[in-house]
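Breakdown of the fold
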Amino acid sequence: MAIYHLPRGTQDFLFERTRRLEYIESVLRDLAESYGYAEIRTPIFEHTEVFLRSVGESSDIVNKEMYTFTSRGERSLTLRPEGTAGVIRAFVEQKVYAQQDYPYKAFYVGPVFRYERPQAGRYRQLHQFGIESIGTRTPFIDAEIILMACHMLNELGVHHYRVKINSIGDELSLNNYRKALQEYFAPMISTLCEDCHRRHEQNALRILDCKIDGDKEIVKNAPKIADFLSKESQQYFDQTLQVLNDYQVPYEVDDRLVRGLDYYTDVVFEIEAEDHEGNSFGAICGGGRYDRLVKEFDGPELPAAGFAFGIERLLLLLEKDEAFNSIEREIETYVMPLESTVFQYAFDVMMHLRLQGIQSDMDYGMRSIKAQFKTVDRKRAQFAILIGTAEMEQQQVTVKSNATKEQKTIQVDELVPYLAEQFAACEEETEHEHTCDCGHGDHDCCHGEGDCHHHQH
Ligand code: AMP
């Protein structure tokens, strides 16, 4: 067995997959910005209390999943298990609330850490892309963040998904409901798992999403939160659903959805997705409202709502749907020195191209011409720049198109304008080929693949 290997539940993303992650993040980032969100970066570790207070002492995350360590200064620190707590801590600590441009809209992207049992689509280091809308309580915000999450999925080309939504009510509704659950489970507590014994003591709500007992009949027959909602919470929920109806969001009310973090109140949701063959990918996004959290961090009484996408799950889903063909990496030119005597000249040509803004790489190893052409294919170079003694002596280069295999010998001074012309012609051709007739009119909408997502929803 290899001595040096990955810790369980973590993964290396090699080049192609990193590029895919970056692509996913850039789509989410651009869309968040177009909805008025700005990026925030907070530390990936915080004082442990930050998570105890927000994620909550009864949650699985706090009880079993945190990576907590003692610093050299004897402080208890924790690798963040989610993004919201750090954002709210920063919002209060940096007094961002003083600007009063509510809602304050932040997005973040980065790794989070959970000591969970690794399995397909579940990791111990994962990446989340999340948004927080802080300072405003209106059903339009709750609906808007769900609309934004759906918009993001459409933009990525994910079309088979469903929003599961529920209201867990305000604090009073929740307290009454917790009490009712505690009474309901008390006589049958011995039939539930060890963790549920603790949950029963701390917060009986958590029994509902237990991974072991969650599907048992006694859990399914437990009292429903809907019967405990205050009038205001019920109205708020109905109004949120009304906006979702207006925008034809594919949702279903799931009265057992409570979400595993303690800070939620009122509207909570998860988005579940399937690949094009109908295989479930589970939850790819989760979120909801958390009106008490800012206050719990000693900030003013400000309501808030947000969500987080799991990036790895999006990656797996999109890979299954072969959605990345259009972003496969290409390089514009690859310089091929054919003899060792021309190496310096070839290197200068490559640097000249780079400094003029043209992507370029070269063969540094003086390999055979056949091996060099193989690299041209592997790197998906658009043009090979061949250089032999004759070219060097005449201050020339031979440019070979990898697409048409046509080649032409030109003066090195003409290389940049010649390539610029070729790229422009190539772009025009692609646009012509892929302009779809959906009336959307842009090449981007087909991602160069001719399958326009504007047609599909
Ligand atoms: P949560 O913060 O638990 O609501 O999670 C938000 C999203 O992060 C989920 O919908 C998943 O897509 C993703 N996620 C949560 N836990 C994991 C994990 N252990 N591995 C991979 N993705 C995860």
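Here is what the cut-offs are and how they apply
Residues numbered from 1 in each chain as written. Predicted model: local features only at pLDDT ≥ 70, side-chain atom pairs only at ≥ 80, totals over all residues. Heavy atoms only, no water. Pairing = 2+ DSSP bridges. Helix = DSSP H or I, 4+ residues; strand = E, 2+ residues; numbered from the N terminus. Contact = heavy atoms within 4.5 Å. Axes fitted to C-alpha atoms, helices over the stretch in contact; angles between N-to-C directions. Phe/Tyr/Trp six-rings, centres within 6.5 Å; stacked < 30°, edge-to-face > 60°. Buried < 20%, exposed > 50% of the residue type's maximum accessible area, 1.4 Å probe, protein only. Lys NZ or Arg CZ within 6 Å of the ring centre and 35° of its normal. Near = heavy atom within 4 Å. Polar contact = N/O pair within 3.5 Å; in protein donor to acceptor, adjacent residues only side chain to side chain. Areas by Shrake-Rupley, 256 points an atom, 1.4 Å probe, with all protein chains shown as cover. Nonpolar A, V, L, I, M, F, W, Y, C, P; charged D, E, K, R; others polar. Salt bridge = Lys/Arg side-chain N within 4 Å of Asp/Glu carboxyl O.

In space, the 8 strands of this open sheet follow the order β1-β5-β6-β11-β10-β9-β7-β8, with mixed pairing throughout. If you trace the sheet from one side to the other, it starts and ends with β1 (38-39) and β8 (251-253), each paired once. As judged from the 3 bridges shared by strand β7 (residues 161-167) and β8, these two strands associate in the parallel manner. Opposite I165, over in β8, you have V253 as the bridge partner. Helix α11 (residues 311-320) rests against β6 (125-134), β9 (265-274), β10 (280-289) and β11 (304-310) of the sheet, and its axis sits at about 145° to β10.

Tallied over the entire structure, the rule returns 15 aromatic pairs. Each ring, one from Y184 and one from F185, has its centre 4.9 Å from the other, and the planes form 75°; the classification is edge-to-face. Residue F185 is classed as buried on the basis of its relative accessible area of 0%. Of the aromatic side chains, those joined through ring pairs into one cluster are F91, Y97 and Y104. Note that R124 overlies the ring of Y115, its terminal NZ or CZ placed 4.0 Å from the centroid. The ring centre of Y236 lies 4.2 Å from the NZ or CZ of R137, which sits over that ring.

On to the site of the ligand. Around the ligand lies a shell of 15 residues, among which R114, E116, Y123, R259 and A283 are the nearest. Between the ligand and the protein, one listed contact pairs an oxygen atom with a side-chain N or O atom of Q128 at 3.1 Å. Contacts to the ligand include A283, whose backbone N or O atom sits 2.9 Å from an oxygen atom. Taking 490 Å² as the accessible area of the ligand by itself, protein coverage stands at 92%. Listed by contribution, the elements that provide at least two residues to the shell around the ligand are β6, β10 and β11. The biggest single contributor to the shell around the ligand is β10, with 4 residues. Looking at side-chain class alone, the shell around the ligand contains 6 nonpolar, 4 polar and 5 charged residues.

Here the focus is the pattern of salt bridges. All chains considered together, the criterion is met by 33 salt bridges. Taking the shortest distance from any N to any O, the salt bridge between R289 and D291 comes out at 2.7 Å. For the pair shown, R289 and D291 are each scored as buried. It is possible to trace a salt-bridge network through shared partners that takes in R137, D142, E232, D266, R289 and D291.

Attention now goes to unusual backbone geometry. Across the junction of Y102 and P103, the peptide omega takes the value -5°, indicating a cis bond. Mapping P103 onto the fold places it in the loop between α4 (84-93) and β5 (104-113). Phi at K95 takes a positive value of approximately 50°, unusual for a residue other than glycine. Tracing the chain through its elements places K95 in the loop between α4 and β5. With a relative accessible area of 52%, K95 lands in the exposed category. Phi at R380 is positive, roughly 50°, even though this residue is not glycine. Take R380: it is sitting in the loop between α13 (369-378) and β14 (381-387).

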